[in-house]
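So the chains spell out like this:
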Amino acid sequence: MERAVKTPADLFALLDRLGIAHRTLEHAPVFRVGEGDDIKAALPGGHAKNLFLRDAKGQLLLVSALQDTRIDLKALPGVIGAARLSFGREAMLLETLGVTPGSVTAFALINDPAHAVRFVLDAALAASDPVNFHPLVNTATTALSRADFRRFLAALGVTPIVVDFDELGAAR
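Bear in mind that the values here come from a model prediction, so they are computed numbers and not experimental data.

Enquirer: So, the nonpolar core: which residues are in play, and what are the values?
Expert: In summary, soluble globular proteins display a tendency toward joint burial of nonpolar side chains. Counting residues in hydrophobic clusters, the biggest one holds 31 residues, and the most contacted among them are Leu11, Leu97, Leu109, Phe119, Phe149 and Phe152. For this core, the secondary-structure elements that each account for two or more residues are helix H1 (8–17), strand S3 (60–66), helix H4 (90–97), strand S5 (117–122), helix H5 (123–127), strand S6 (131–133) and helix H6 (146–156). Counting residues in each nonpolar core, the second largest holds 15 residues, with Ala75, Leu85, Val163 and Phe165 among its members.

Put into structure tokens, the structure is as follows:
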């Protein structure tokens, strides 16, 4: 039996049940970090870029970082205890996180109750307040406070691996 993939309405209902204040701005589809500067101007705080990755041993990872952060995929495995990294396949993304390319988001962890995907969070994004992510679709952006984002993750049973990507890049 297939599991039901959560929708943006399901996400908002969970946030409401948890008492988490959220603000969502609907907009034209945004597929890349360089798009949607007008949207970002309307929503203060840290805007995320998200990568769905797979290591050489089959481990799945979701990396969320500030939009302009350089993510060193060669140095990252040594920091998080992973093998060589590559981008995860679209079918696996849909199967594990219930989203499609362009809509990858930390909110998609709502679709991973088995915790098949490890969550890696950029220290700079973790320090941002508020934080902004797509709400499972790339036609909107949802803002939460930093504390409420952590409450969302805790409600899902997700403990992020926090990585300082600026420090990681400087160490190379």
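There is more to say after this.
Enquirer: Summarise the pairing of S3; cite the residues concerned and give the values.
Expert: A large share of S3 lies buried, amounting to six of its seven residues. The pairing of strand S2 (residues 46–55) with S3 spans seven bridges and is classified as antiparallel. Counterpart to arginine 54 in the pairing with S3 is leucine 60. What sits between the antiparallel neighbours S2 and S3 is a turn of four residues, in which glycine 58 has the positive phi angle 95 degrees. Sheet topology places S3 next to S5; five bridges connect them, and they run parallel. Each bridged residue has a counterpart across the sheet, and for leucine 62 the counterpart in S5 is phenylalanine 119.

Enquirer: Provide a residue-level description of the pattern of salt bridges, including the pertinent values.
Expert: Per the stated rule, a full pass over the model turns up two salt bridges. Measuring nitrogen to oxygen at the nearest pair gives 2.8 Å for the salt bridge that ties arginine 151 to aspartate 148. Of this pair, arginine 151 and aspartate 148 both sit in helix H6, separated by three residues, roughly a single helical turn. The buried category is assigned to aspartate 148, whose relative accessible area is 13%.

Enquirer: Mind laying out the packing of aromatic side chains, listing which residues take part and the relevant values?
Expert: Using the criterion set out here, one finds five aromatic pairs in the structure. Here the aromatic rings of phenylalanine 149 and phenylalanine 152 are separated by 6.4 Å at their centres, their planes lie at 20 degrees, and the arrangement is stacked. In this pair, phenylalanine 149 and phenylalanine 152 both sit in helix H6, three residues apart, roughly one turn of the helix. Accessibility assignment for this pair places phenylalanine 149 and phenylalanine 152 in one class, buried. Among the aromatic residues, ring-to-ring pairing joins Phe107, Phe119, Phe133, Phe149 and Phe152 into one connected group.

Enquirer: Give a description of H6 that names residues and reports values.
Expert: The set of residues buried in H6 consists of Asp148, Phe149, Phe152, Leu153 and Leu156. The arc enclosing the buried residues of H6, seen along the axis, measures out at 145 degrees, which places them on a common side. Pointing more than 90 degrees away from the buried face of H6 are the exposed residues Ala147 and Ala154. Glycine 157 lies just past H6 and shows a positive phi near 80 degrees.

Enquirer: Any chance you could break down the environment of leucine 25 for me, citing the residues and the numbers?
Expert: Structurally, the position occupied by leucine 25 is in strand S1 (residues 23–26). Considered as a pair, leucine 25 and leucine 43 are 18 residues apart in the sequence and their alpha carbons are 8.1 Å apart.

Conventions adopted
- Residues numbered from 1 in each chain as written.
- Predicted model: local features only at pLDDT ≥ 70, side-chain atom pairs only at ≥ 80, totals over all residues.
- Heavy atoms only, no water.
- Core = buried A, V, L, I, M, F, W, Y, C linked by side-chain atoms within 4.5 Å.
- Buried < 20%, exposed > 50% of the residue type's maximum accessible area, 1.4 Å probe, protein only.
- Helix = DSSP H or I, 4+ residues; strand = E, 2+ residues; numbered from the N terminus.
- Pairing = 2+ DSSP bridges.
- Salt bridge = Lys/Arg side-chain N within 4 Å of Asp/Glu carboxyl O.
- Phe/Tyr/Trp six-rings, centres within 6.5 Å; stacked < 30°, edge-to-face > 60°.
- Arc of directions from axis to C-beta.

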